[in-house]
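Fold and contact review
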Amino acid sequence: NNSFNSVFEFGCGSGNNLFQIASSNKNFCGLGYDISSEAIRFSKQKSLLLEIKNIEFTDTMNIALISNFLKEKQLKVFDLAVYDRVLYLLSFEEVINHFRNYSNLFSNIVIDDFINNFNGYNGKNYIDILQKNGFALVANNPSIHKEPEINSARQLVFKNIFDEK
């Protein structure tokens, strides 16, 4: 959606989602985080090759880093945070702590992930978790990813109920 001018992606991998958004929205800025330093190196090199200056990538996740990015871009919060098939890899406690610490930095959140147990991964009640952090569910759709167990994953869209926009 081109109405989002700032996006944070948790688990950005090689940055494809952010590069795609940047290619269609000239006012866009983004911050991608991934645990893989190799993926981050690749994303940084790709952004240099494509001469994209409005996306940054990091393998470090902390509030100061994200707050500094927002401050540099003169933003209060990100318009959107994307979690595309990454949260199922975290424990329930890690997901709870992540949203407790970071959800106030986002206006909207999209999660495409497993909500039921799937192949040894424990699904999580993202609706409950996000509601406890000030977000309302605005869409609950089938996952955009194709897999045999289609009912095990959903795409959930949340809006921050305290957002001033």
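Keep in mind that what you see is a predicted model, and the values were worked out from it rather than measured.

1. Overview of the overall build of the protein chain
Tallying secondary structure elements over the protein chain gives 5 helices and 7 strands in all. In terms of overall dimensions, the protein chain is globule-like: its C-alpha atoms have a radius of gyration of 15 Å, near the 15 Å expected for 165 residues. Its C-alpha atoms give the protein chain principal-axis dimensions of roughly 40 × 35 × 25 Å. Taking the contacts inside the protein chain whose residues are at least 6 apart along the sequence as the reference set, 68% of them involve residues at least 24 apart. In the form shown here, the protein chain has an accessible surface area of approximately 9,000 Å², with 50% of it arising from carbon and sulfur atoms. For the protein chain, the separation between the mean place of its 16 positive charges and that of its 18 negative charges on side chains is 5 Å.

2. Let's talk about the side chain of Thr58
If you trace the backbone, Thr58 turns up in strand 3 (residues 55–58). We classify Thr58 as buried; its relative accessible area is 11%. Every residue in contact with Thr58, bar those within four places of it in the chain, is listed here: Leu31, Gly32, Tyr33, Asp34, Ile40 and Leu65.

3. Observations concerning the packing of aromatic side chains
Evaluation of the coordinates by the stated rule reveals 9 aromatic pairs. Measuring from ring centre to ring centre gives 5.8 Å for Phe8 and Phe78, while their planes differ by 50°; the resulting arrangement is tilted. One end of the pair, Phe8, is in strand 1 (residues 6–10); the other, Phe78, is in the loop between helix 3 (63–72) and strand 4 (80–84), with 70 residues separating them in the sequence. Ring geometry for Tyr88 against Phe114: centres 4.9 Å apart, planes inclined by 85°, an arrangement best described as edge-to-face. A residue pair is termed long-range when its members are at least 10 positions apart, and Tyr88 in the loop between strand 4 and helix 4 (92–102) and Phe114 in strand 5 (residues 108–114) qualify at 26 residues. Phe114 carries the same exposure label as Tyr88, and that label is buried. Each residue in the set Phe8, Phe69, Phe78 and Phe106 is aromatic and connected to the rest through ring pairs, giving one cluster.

4. Details of the environment of Glu56
Note on placement: Glu56 falls in strand 3. When its relative accessible area of 32% is taken as the criterion, Glu56 is described as partly exposed. In this structure the C-alpha to C-alpha distance between Glu56 and Ile161, which are 105 residues apart in sequence, comes to 28 Å. Sequence-distant contacts of Glu56, that is, excluding residues within four places in its chain, are made with Gly30, Leu31, Gly32, Phe69, Glu72 and Lys73.

5. Some points on the pattern of salt bridges
Scanning the model with the defined rule gives 2 salt bridges in all. Between Arg85 and Asp112 there is a salt bridge, with its nearest N and O atoms 3.6 Å apart. Of this pair, Arg85 sits in the loop between strand 4 and helix 4 while Asp112 sits in strand 5, and the two are 27 residues apart along the sequence. The burial state of Arg85 is the same as that of Asp112; both residues are buried. Here Lys132 makes a salt bridge to Asp128, at a shortest N to O gap of 3.2 Å. Judged by its relative accessible area of 63%, Lys132 falls in the exposed class. Here Asp128 falls in the partly exposed class, since its relative accessible area comes to 30%.

6. Observations regarding the environment of Ser67
Along the chain, the position of Ser67 falls in helix 3. The class of Ser67 is partly exposed, set by a relative accessible area of 30%. Sequence separation between Ser67 and Leu90 is 23 residues; the distance between their C-alpha atoms is 23 Å.

Cut-offs and rules
Residues numbered from 1 in each chain as written. Predicted model: local features only at pLDDT ≥ 70, side-chain atom pairs only at ≥ 80, totals over all residues. Heavy atoms only, no water. Helix = DSSP H or I, 4+ residues; strand = E, 2+ residues; numbered from the N terminus. Rg over C-alpha atoms; globule rule 2.2 N^0.38 Å. Contact = heavy atoms within 4.5 Å. Areas by Shrake-Rupley, 256 points an atom, 1.4 Å probe, with all protein chains shown as cover. Lys, Arg positive; Asp, Glu negative; His and termini not counted. Charge placed at Lys NZ, Arg CZ, Asp CG, Glu CD. Buried < 20%, exposed > 50% of the residue type's maximum accessible area, 1.4 Å probe, protein only. Phe/Tyr/Trp six-rings, centres within 6.5 Å; stacked < 30°, edge-to-face > 60°. Salt bridge = Lys/Arg side-chain N within 4 Å of Asp/Glu carboxyl O.

Any functional reading would require information that these geometric values do not contain.
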